[in-house]
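# A structural walkthrough
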Amino acid sequence: MEEKDININEEENLEEVNTENAENAKNAESAENTEAATEEAEELNPLAKAQQEIEELKTQLLYKAAEFENYRKRTLKERAELILNGGEKVISAILPVLDDMERAIANGAKTDDPQVLREGVELIYNKFVKTLEGQGVSKIETKDANFDTDLHEAVAMVPGMGDDKKGKVIDCLQEGYKLNDKVIRHAKVAVGQ
């Protein structure tokens, strides 16, 4: 009886092996078909991949173009605002000087003493000069200076001043000013010849 059981088990094992072999053969055929389909898809896939990549690049380009356009508009707006309101700091600094002038005019009508008026005008002038210096404005020095075309504008040549005065500033007809080391008005001077 044991031999029959062994034979039955062997037959069952053979049937299982045959079934597995048949399934493996089917799977192999299916795998070959899948590989063939994959190869065909891969042949078409580079085109699809390229088209997909092109779409992604187009989208990126649109985003970058929109971002740049927004940046351009923002900088133009900031520049226009800066030009429009750029002098706000200077005007705010000068307003106290204007207030002092108004007070001097109001008080000038109350007095007949020219010395008091002169002192008031000098105080306002000194305050105004300090305000300008605080904004970076400085006067170009001309006294005993060598003539420099970057700083001075010669409006007259004075002959017969001697060799020691040749090329030197003799007289300043109009003061020159710099704003943060940039000349904003050249000093008009007479130069020795």
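Below you will find a few notes about this structure. (Residues numbered from 1 in each chain as written. Predicted model: local features only at pLDDT ≥ 70, side-chain atom pairs only at ≥ 80, totals over all residues. Heavy atoms only, no water.)

### Regarding helix H3 (residues 114-134)
- For H3, spanning 21 residues, the distance from its first C-alpha to its last is 30 Å, which sits close to the expected 30 Å at 1.5 Å a residue.
- Where H3 begins, the capping side chain belongs to Asp 113, and its oxygen is found 3.2 Å from the backbone nitrogen of Gln 115.
- Following H3 by one or two positions, Gly 136 has its phi on the positive side, about 95°. (Helix = DSSP H or I, 4+ residues; strand = E, 2+ residues; numbered from the N terminus. Expected span 1.5 Å × (residues − 1). Polar contact = N/O pair within 3.5 Å; in protein donor to acceptor, adjacent residues only side chain to side chain.)

### Comments concerning the side chain of Asp 100
- Inspection of the secondary structure assignment puts Asp 100 in helix H2 (residues 88-108).
- Setting aside chain neighbours within four positions, we find Asp 100 in contact with Ile 124 and Lys 127. (Contact = heavy atoms within 4.5 Å.)

### Re the pairing of strand E5 (residues 182-185)
- Bridge count for strand E4 (residues 177-179) against E5 is three bridges, and the pairing is antiparallel. From the neighbouring strand, Tyr 177 faces E5, where its bridge partner is Arg 185.
- In sequence, E4 turns back onto E5 through a hairpin of two residues, with Asn 180 there showing a positive phi of about 50°. (Pairing = 2+ DSSP bridges.)

### So, the sheet that holds strand E1 (residues 137-139)
- What the three strands build is an open sheet, ordered E1-E4-E5; its pairing is antiparallel. In this open sheet, the two edge strands, each paired with only one partner strand, are E1 and E5. Sheet twist, expressed as the mean angle between neighbouring strand axes with direction ignored, is 35°. (Axes fitted to C-alpha atoms, helices over the stretch in contact; angles between N-to-C directions.)

### Some words on the pattern of salt bridges
- Scanning the model with the defined rule gives four salt bridges in all.
- The network of salt bridges with shared partners includes Asp 100, Arg 103 and Lys 127. (Salt bridge = Lys/Arg side-chain N within 4 Å of Asp/Glu carboxyl O.)

### Quick look at the pairing of strand E6 (residues 187-192)
- With five of six residues buried, E6 is to be regarded as a mostly interior element.
- Taken together, the six bridges between strand E2 (residues 152-158) and E6 define a ladder with parallel strand orientation. Bridged to Met 157 within E6 is Val 191.
- Where strand E3 (residues 169-174) meets E6, four bridges bridge the pair, whose relative direction is antiparallel. Its bridge partner lying in E6, Asp 171 is registered against Ala 190. (Buried < 20%, exposed > 50% of the residue type's maximum accessible area, 1.4 Å probe, protein only.)

### What to know about a negative patch on the surface
- There is a patch of like negative charges on the surface, built from Asp 112, Asp 113, Glu 119 and Glu 122.
- Secondary-structure assignment places Glu 119 in helix H3.
- Its relative accessible area of 41% is what places Glu 119 among the partly exposed residues. (Patch = residues over 30% accessible without salt bridge, like charges linked within 9 Å, V, L, I, M, F, W, Y side chains within 5 Å. Areas by Shrake-Rupley, 256 points an atom, 1.4 Å probe, with all protein chains shown as cover. Lys, Arg positive; Asp, Glu negative; His and termini not counted. Charge placed at Lys NZ, Arg CZ, Asp CG, Glu CD.)

### Section: H2
- Between the first and last C-alpha of H2 there are 30 Å, a value that for 21 residues agrees with the 30 Å anticipated at 1.5 Å per step.
- Of all the bends in H2, the largest measures some 30° and sits at Ile 94, one to four residues before the proline Pro 96.
- Those residues of H2 that fall on the buried side of the exposure criterion are Ala 93, Val 97, Asp 100 and Gly 108.
- Looking at the packing, one finds that the buried side of H2 touches H3. (Bend = angle between axes of the 7 residues up to and from the residue.)

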